[in-house]
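Okay, here's what each chain looks like letter by letter:
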Amino acid sequence: MKSFNIGMVGYKFMGKAHSHAYKDLHMFFPQTAVPKMKLICGRDESGVSSAAEQFGWDGFVTDWRELVTHPDIDIVDINAPSDAHKEIALAAAKAGKHLFCEKPLALTLADAREMLEAAETARVKHMVGFNYRFAPAVQLAKKLVESGRLGDIYHFRAWFLQDWIVDPTFPLVWRLQKEIAGSGSHGDLGAHLIDLAHFLVGDMTEVIGMSETFIKERPLPTSMTGLSAKGSKDAPRGPVTVDDATLFMARFANGALGSFEATRFAPGHRCTNSFEINGSKGSVKFDFERLNELQVYFTSDDEDVQGFRRVLATDPSHAYMDAWWPAGHTIGYEHTFVHEVVELMNALSEDRQPVPNFVDGVKCQEVLEAVDQSIAQRRWVSINEV
């Protein structure tokens, strides 16, 4: 049985998700190569040492440079904040390590393209973390589109709604600082919608958008982790330099029309990541908060029983589900990361590029920047312009 040694940079929200995937993979997918959790890296020695013990890593380091040049490491997993992605990826590629990087791939399109070029020059495998592709219900939607059962695709509409920063006294976490995060809801949430659109419908040709930052300043935090933080409402304040909400419209190469909405200011929506696809023969609807379900409608149904049907995507016929529980026994968010690692391990074993990879990350970044350019210039922008 093949195995690959993992070195991971980052140990908080995504670090825990990736660690869980590595640990559980072989219990449920015994035919895949084995990911060996060798080294985890973080700047805070106390925090990363605790994470190493809790998550099950063999050891830890506090300098990512030591990790990416370590002779025992085969794959460098990058889930540190976005501003660190490029430097780590370039060094890891130069050291001949395979790459697994969280989204968005980089702060800018130029940086993303440089990362792709470095990976291709080094001839290493590269994967980007668009985990929502790997929900079995999303895979079913892909199957219905590709097989032609929905006919010609006319519309793709998607929305990713959260509410975790509605309170104006919520601290100024790193995700609200452009120099670290690159963008706000647009790059954090909208990137997932863009990738799902590429995966399910195809390439976009032009976009037009608008954005808003509703709360311009926030209290500085005393501590932060994942999507939570601590601080005082009376603390000194700093500027919010990213968008709170971004909306845009798009045209696809196949003639379909698209609409996208990403916001962190939708009270009552904790993590509403949804899309709907309308075609000449039917439609599908997906909502991540009910991730085991796909709503399906076919125009060929008899008129007296036409309507959206709830398909529970938990049968062995659905992607990845033959490895889990009996039909009807649902899976959760963490399983999408396990499925990502299935693809990564299989691709390495088969000597092919995993999907999605840095090419997909660059394509996503192209749309992100085209939307930003559209907002700045108040016009339609072709993807070919960026």
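Residues numbered from 1 in each chain as written. Predicted model: local features only at pLDDT ≥ 70, side-chain atom pairs only at ≥ 80, totals over all residues. Heavy atoms only, no water.

- As recorded by an unreviewed UniProt entry, the protein carries the name Gfo/Idh/MocA family oxidoreductase and is attributed to Paenibacillus alginolyticus.

### A few points about the pattern of salt bridges
- Per the stated rule, a full pass over the model turns up 24 salt bridges.
- Measuring nitrogen to oxygen at the nearest pair gives 3.1 Å for the salt bridge that ties Asp188 to Lys103. A residue pair is termed long-range when its members are at least 10 positions apart, and Asp188 in helix α8 (residues 185-200) and Lys103 in the loop between β5 (98-102) and α5 (109-122) qualify at 85 residues.
- For Glu293, the salt bridge goes to Arg310, with nearest N and O atoms at 3.1 Å. Remark: Arg310 occurs in strand β18 (residues 309-312) and Glu293 occurs in strand β17 (residues 293-298); sequence separation between them is 17 residues.
- Note on Glu293: relative accessible area 11%, which makes it buried.
- Three or more residues are tied together by salt bridges with common partners; here these are Lys103, Arg175, Asp188 and Arg264. (Salt bridge = Lys/Arg side-chain N within 4 Å of Asp/Glu carboxyl O. Helix = DSSP H or I, 4+ residues; strand = E, 2+ residues; numbered from the N terminus. Buried < 20%, exposed > 50% of the residue type's maximum accessible area, 1.4 Å probe, protein only.)

### Regarding the pairing of strand β8 (residues 204-212)
- Two strands pair when backbone bridges link them, and β8 and strand β13 (residues 245-252) are joined in this way by 8 bridges, in the antiparallel orientation. Bridge pairing in β13 links Met210 to Leu247.
- With 2 bridges joining them, β8 and strand β19 (residues 381-382) adopt antiparallel strand pairing. Counterpart to Val207 in the pairing with β19 is Val381. (Pairing = 2+ DSSP bridges.)

### Section: the side chain of Asn79
- As for its position among the elements, Asn79 is in the loop between β4 (75-78) and α4 (85-94).
- Within polar-contact distance, the side chain of Asn79 engages the backbone nitrogen of Gly15 at 3.3 Å.
- A distance of 3.0 Å separates the side chain of Asn79 from the side chain of Asp77, its partner in a polar contact. (Polar contact = N/O pair within 3.5 Å; in protein donor to acceptor, adjacent residues only side chain to side chain.)

### Description of the packing of aromatic side chains
- Scanning all chains against the criterion turns up 21 aromatic pairs.
- On the numbers, 5.9 Å between centres and 20 degrees between planes, the contact of Phe156 with Phe275 is stacked. Taken together, the residues span a long stretch of sequence, with Phe156 in strand β7 (residues 153-161) and Phe275 in strand β15 (residues 272-279) at a distance of 119 residues.
- Taking relative accessible area as the criterion, Phe156 reaches 1% and is therefore assigned buried.
- The interplanar angle of 45 degrees and the centroid separation of 5.6 Å between the aromatic rings of Tyr297 and Phe308 together place this pair among those described as tilted. Highlighted residues: Tyr297 in strand β17 and Phe308 in the loop between β17 and β18, separated in sequence by 11 residues.
- Grouped by ring-pair contacts, the aromatic residues Phe13, Tyr132, Phe160, Phe288, Tyr333 and Phe337 constitute a single cluster. (Phe/Tyr/Trp six-rings, centres within 6.5 Å; stacked < 30°, edge-to-face > 60°.)

### Focus on the environment of Ala158
- In this fold, Ala158 is placed in strand β7.
- Each C-alpha atom, one on Ala158 and one on Asp304, is 29 Å from the other, the two residues being 146 residues apart in sequence.
- Sequence-distant contacts of Ala158, defined by excluding residues within four places in its chain, comprise Leu193, Ser259, Phe260, Glu261, Ser274 and Phe275. (Contact = heavy atoms within 4.5 Å.)

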